[in-house]
Amino acid sequence: DTGVSQDPRHKITKRGQNVTFRCDPISEHNRLYWYRQTLGQGPEFLTYFQNEAQLEKSRLLSDRFSAERPKGSFSTLEIQRTEQGDSAMYLCASMGLAGGLTDTQYFGPGTRLTVL
Amino acid sequence: SQQGEEDPQALSIQEGENATMNCSYKTSINNLQWYRQNSGRGLVHLILIRSNEREKHSGRLRVTLDTSKKSSSLLITASRAADTASYFCATDWGGNNNDMRFGAGTRLTVKP
């Protein structure tokens, strides 16, 4: 257990429905990341928050995707009008600030999304 | 786009043998990290090596970094069945500390 939790662990939905995932990072970590991982591939960067500010977004994050981190604590990732291609594991990671250099990212267990 | 490429894609060894996995990357980096992922689970951080370091050890793990060749290797000595997992290298993208890119991973199977 890394201290990062994600909810739900599994989500099955029908095409066209909206889904929302939640990530609770390690409490003292100010940076939070979302990744998507498909079978047989490594995680792909989606977006990153420093405190409540969303500082970077990948071009993978289409306009159907939105992420928030109100109050700089937990974060939510919403996918609207889901498509079958959205089926993947969605991973959240948090990281503290360590002198400006990249430090260790601690990953949650992921939310596995299946779009039927 | 993905940054690292692990080699081999899959590796099968007997318990007690050593396992070596390699990672090549494309851009300049500040550091390189190795992670382990058991099937269907989240990633577990193994080791971080900074660009000014050449070798690092942690228990049965040994990581090397050659920035001139843009490559790294992960050696697991005296492997155990519990080491069976996928192993990923990750680097910061072009020196951007907040954008970490992963390879596709090496699937390691350790047979008891």
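For every chain, the first residue of its written sequence is number 1, and the numbers climb from 1 along that sequence. Chain letters and ligand numbers both follow the written order, the letters beginning at A and the numbers at 1. Where local features are concerned, this predicted model is filtered to residues with pLDDT of at least 70; where side-chain atom pairs are given and counted, the filter is 80 or more; whole-chain, interface and lining totals use all residues. Water and hydrogen atoms play no part in the side-chain values, which are based on all heavy atoms of the structure.

**Description of the sheet that holds strand β3 (residues 19–24) of chain A**
Residues and elements named next belong to chain A.
Item 1. Pairing in this open sheet of 4 strands is antiparallel, and the strands run β1-β3-β8-β7 from one edge to the other. Of all the strands in the sheet, just β1 (5–7) and β7 (65–68) have a single pairing partner and so form its edges. Averaged over all neighbouring strand pairs, the angle between strand axes comes to 15°, with direction disregarded. Here, any two strands with at least 2 DSSP bridges between them count as paired. Helix and strand assignments come from DSSP, with helices taken as H or I runs of at least 4 residues and strands as E runs of at least 2, each series counted from the N terminus. Each axis is a line fitted through C-alpha atoms, and for a helix only the stretch in contact is used; angles between axes span 0 to 180 degrees, taken between their N-to-C directions.

**Section: the packing of aromatic side chains**
All names here are of chain A.
Item 1. Put simply, two rings from Phe, Tyr or Trp (the six-membered ring, in Trp's case) pair if the centres are within 6.5 Å, and we call them stacked under 30 degrees between planes, edge-to-face over 60, tilted for the rest. If you walk through the whole model with that rule in mind, you get 9 aromatic pairs over all chains.
Item 2. Ring centres of Y33 and Y35 lie 6.4 Å apart, and the angle between their planes is 20°; this geometry places the pair in the stacked category.
Item 3. Classification of residues uses two cut-offs on accessible area relative to the type maximum, computed with a 1.4 Å probe and protein chains only: under 20% is buried, over 50% is exposed, and between them is partly exposed. Residue Y33 is classed as buried on the basis of its relative accessible area of 0%.
Item 4. On the accessibility criterion, Y35 (0% relative accessible area) is buried.
Item 5. A centroid spacing of 6.2 Å and a plane angle of 75° characterise the contact between Y35 and F45, whose relative ring orientation is edge-to-face. Highlighted residues: Y35 in strand β4 (residues 31–37) and F45 in strand β5 (residues 44–50), separated in sequence by 10 residues.

**Topic: the confidence of the model for chain A**
Item 1. Chain-level pLDDT for chain A is 90 on average; 94% of the residues reach the 70-or-more range.
Item 2. Confidence scores labelled pLDDT are given residue by residue by the predictor and lie between 0 and 100. The secondary-structure element of chain A with the lowest mean pLDDT is strand β6 (residues 53–57) of chain A, recorded at 86, while β3 of chain A shows the highest, at 98.

**Points about the interface of chain A and chain B**
Item 1. If you look at the interface, chain A gives 25 residues, while chain B gives 23 residues.
Item 2. Summed over both partners, buried area is the accessible surface (1.4 Å probe) that two parts give up on being assembled. When chain A packs against chain B, the two sides together hide about 1900 Å² of surface, and 47% of this comes from carbon and sulfur.
Item 3. For salt bridges, the criterion is a side-chain nitrogen of Lys or Arg within 4 Å of an Asp or Glu carboxyl oxygen. Scanning the region where chain A abuts chain B turns up 0 salt bridges.
Item 4. Polar contact criterion, stated in full: a pair of N or O atoms within 3.5 Å, where within protein one must be able to donate a hydrogen and the other to accept it, and residues adjacent in sequence count only if both atoms are side-chain atoms. Our count for the contact surface shared by chain A and chain B stands at 3 residue pairs in polar contact (both at pLDDT 80 or more). What makes two residues a contact is simply this: any of their non-hydrogen atoms within 4.5 Å.

**Points about the environment of R80 of chain B**
Residues and elements named next belong to chain B.
Item 1. You can see R80 is positioned in the loop between β8 (71–76) and β9 (85–93).
Item 2. Looking at R80, the relative accessible area reads 47%, which means it is partly exposed.
Item 3. Expressed as a C-alpha distance, the spacing of R80 and Q14, which sit 66 residues apart in the sequence, is 8.3 Å.
Item 4. With near-sequence residues (within four places) excluded, R80 lies in contact with E15, R60 and V110.

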